[in-house]
Amino acid sequence: MPAGEHFDEVVIDEGQDFQPAWKDALLRWLRPGGRLAFSVEAAEGEAVQLGEGLRYRHPPAHVAALLAAAGFTVEAREDAVLRRERGAPVKGALFVARR
């Protein structure tokens, strides 16, 4: 992306790892007041997990806390079935957050 280019909205598919580089990139890309929409696979329990399909699973409450710590406000959060794998539903959460 060209230096200095910013966006009003960014949509991300699932699979983010929420490492510092992820947050730093979002803060560079999103204008102040910009919105972020993404999904995450939901983890069982309170720990981040790496699932069988090598996708990260996150406790939704942990994701909301990470967003708040990065200066985002969660505007919407909804539990959802993201897809089906081998006939079984993959549980997750949908988020919309504002910078």
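The shown structure was predicted, so the numbers you read here are calculated from the model rather than taken from an experiment.

Reading guide: rules and limits
Residues numbered from 1 in each chain as written. Predicted model: local features only at pLDDT ≥ 70, side-chain atom pairs only at ≥ 80, totals over all residues. Heavy atoms only, no water. Helix = DSSP H or I, 4+ residues; strand = E, 2+ residues; numbered from the N terminus. Rg over C-alpha atoms; globule rule 2.2 N^0.38 Å. Buried < 20%, exposed > 50% of the residue type's maximum accessible area, 1.4 Å probe, protein only. Contact = heavy atoms within 4.5 Å. Areas by Shrake-Rupley, 256 points an atom, 1.4 Å probe, with all protein chains shown as cover. Patch = residues over 30% accessible without salt bridge, like charges linked within 9 Å, V, L, I, M, F, W, Y side chains within 5 Å. Salt bridge = Lys/Arg side-chain N within 4 Å of Asp/Glu carboxyl O.

## Things to note about the overall build of the protein chain
- Secondary structure assignment for the protein chain yields two helices and six strands.
- Beginning at the N terminus, the succession of helices and strands in the protein chain can be written as β-α-β-β-β-α-β-β.
- Over its C-alpha trace the protein chain gives a radius of gyration of 14 Å, about what one expects of a compact globule, namely 13 Å for 99 residues.
- For the C-alpha atoms alone, the extent of the protein chain along its principal axes is close to 45 × 25 × 20 Å.
- Counting the 99 residues in the protein chain, one finds 29% classified as buried.
- Relative to all contacts within the protein chain whose residues are 6 or more apart in sequence, the contacts with residues 24 or more apart total 52%.
- For the protein chain, the exposed area adds up to about 6,200 Å²; of that, 51% sits on carbon and sulfur atoms.

## Quick word on a nonpolar patch on the surface
- Together, V48, L50, L54 and Y56 line one region of the surface with nonpolar side chains, adding up to about 400 Å² of accessible area.
- For V48, a relative accessible area of 41% gives the class partly exposed.

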